[in-house]
Amino acid sequence: MKVNPYLNFDGDAEQAFNFYKSVFGGEFIANMKMSDAPDVEKLPENERKRTMHISLPLSKDTILMASDTVPSMGHKLNKGNNNYISLHPESREEADRLFNGLSVDGKIEMPMEDQFWGDYYGSFVDKFGVHWMINYNEQYS
């Protein structure tokens, strides 16, 4: 079984994913707009350019996915700390690169440091309100 993180945004999914792409690299394997869906005329004009589905491979086993909410369908985004994306890079250098890239203009909760449990770890909320953990353990890389 594969597990892929799926995020929701309120109109800025594509902007967020272009930012993530600038850090992770790669190419989108999907980037569909609400205007690509059947019955698009039922949506208000200002919602048709919202992202229906976008996905960016992070590795051969993990794809980061997202969509925008659709307010006219009753969707409401509630940003909170109930979800984190936990990344486990293969080196301290990659951990630092990801932390420094993704945390730009965000809020650092814990800087990258060696932790008492033996890992090199940090956490932050990015500028889009997404919570991230970066965790490197030499023993498991």
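On a predicted model such as this, the values are computed, not experimentally measured, just so you know. Position labels on residues start from 1 in each chain and follow its written sequence. Selection of residues for local features in this predicted model requires a pLDDT of at least 70, selection of side-chain atom pairs for listing and counting requires 80 or more, and totals for whole chains, interfaces and linings are taken over all residues. Side-chain figures throughout are based on the complete set of non-hydrogen atoms in the structure, without hydrogens or water.

As a further point, take the pattern of salt bridges. Definition used for salt bridges: Asp or Glu carboxyl oxygen within 4 Å of a side-chain nitrogen of Lys or Arg. Taken as a whole and assessed by the stated rule, the structure comprises 8 salt bridges. Across the salt bridge formed by R48 and E45, the nearest N and O atoms sit 3.3 Å from each other. Judged by relative accessible area, which is 21%, R48 ranks as partly exposed. Each residue gets one of three labels from its accessible area relative to the maximum for its type: buried under 20%, exposed over 50%, partly exposed in between, using a 1.4 Å probe on protein chains only.

With that settled, consider the sheet that holds strand β8 (residues 131–136). Note: two strands are recorded as paired if DSSP finds a minimum of 2 bridges between them. In this text, helices come from DSSP runs of H or I with a minimum length of four residues, and strands from runs of E with a minimum of two, each type numbered from the N-terminal end. The strand order β5-β8-β7-β6 describes an open sheet built from 4 strands, whose pairing is mixed. The open sheet has two free edges, formed respectively by β5 (84–87) and β6 (107–114), since each of these has just one partner strand. Taken pair by pair, the neighbouring strands of this sheet meet at an average axis angle of 10 degrees, ignoring direction. The pairing of β5 with β8 spans 4 bridges and is classified as parallel. Considered in β8, the bridge of I85 is made with W132. Orientation is described by axes fitted as lines to C-alpha atoms, over the contacting stretch for helices, and by angles from 0 to 180 degrees between their N-to-C directions.

Because an α-helix packs 3.6 residues into every turn, residues spaced three or four apart end up facing the same way. The complete set of buried residues in helix α2 (residues 92–102) reads A95, L98, F99, G101 and L102. Those residues of α2 hidden inside the fold are in contact with α1 (13–24), β5, β6, β7 (120–125) and β8. Only heavy atoms enter the contact rule, under which two residues are in contact if any of them lie within 4.5 Å.

Ranked by internal contacts, the top residues of the largest apolar core, which has 26 residues, are L7, F9, F17, Y20, L102, W132 and I134. For this core, the secondary structure elements donating two or more residues are β1 (6–9), α1, β3 (51–57), β4 (63–68), β5, α2, β7 and β8. No other element matches the 6 residues that α1 contributes to this core. In this text, buried Ala, Val, Leu, Ile, Met, Phe, Trp, Tyr and Cys residues form a nonpolar core when linked through side-chain atoms within 4.5 Å.

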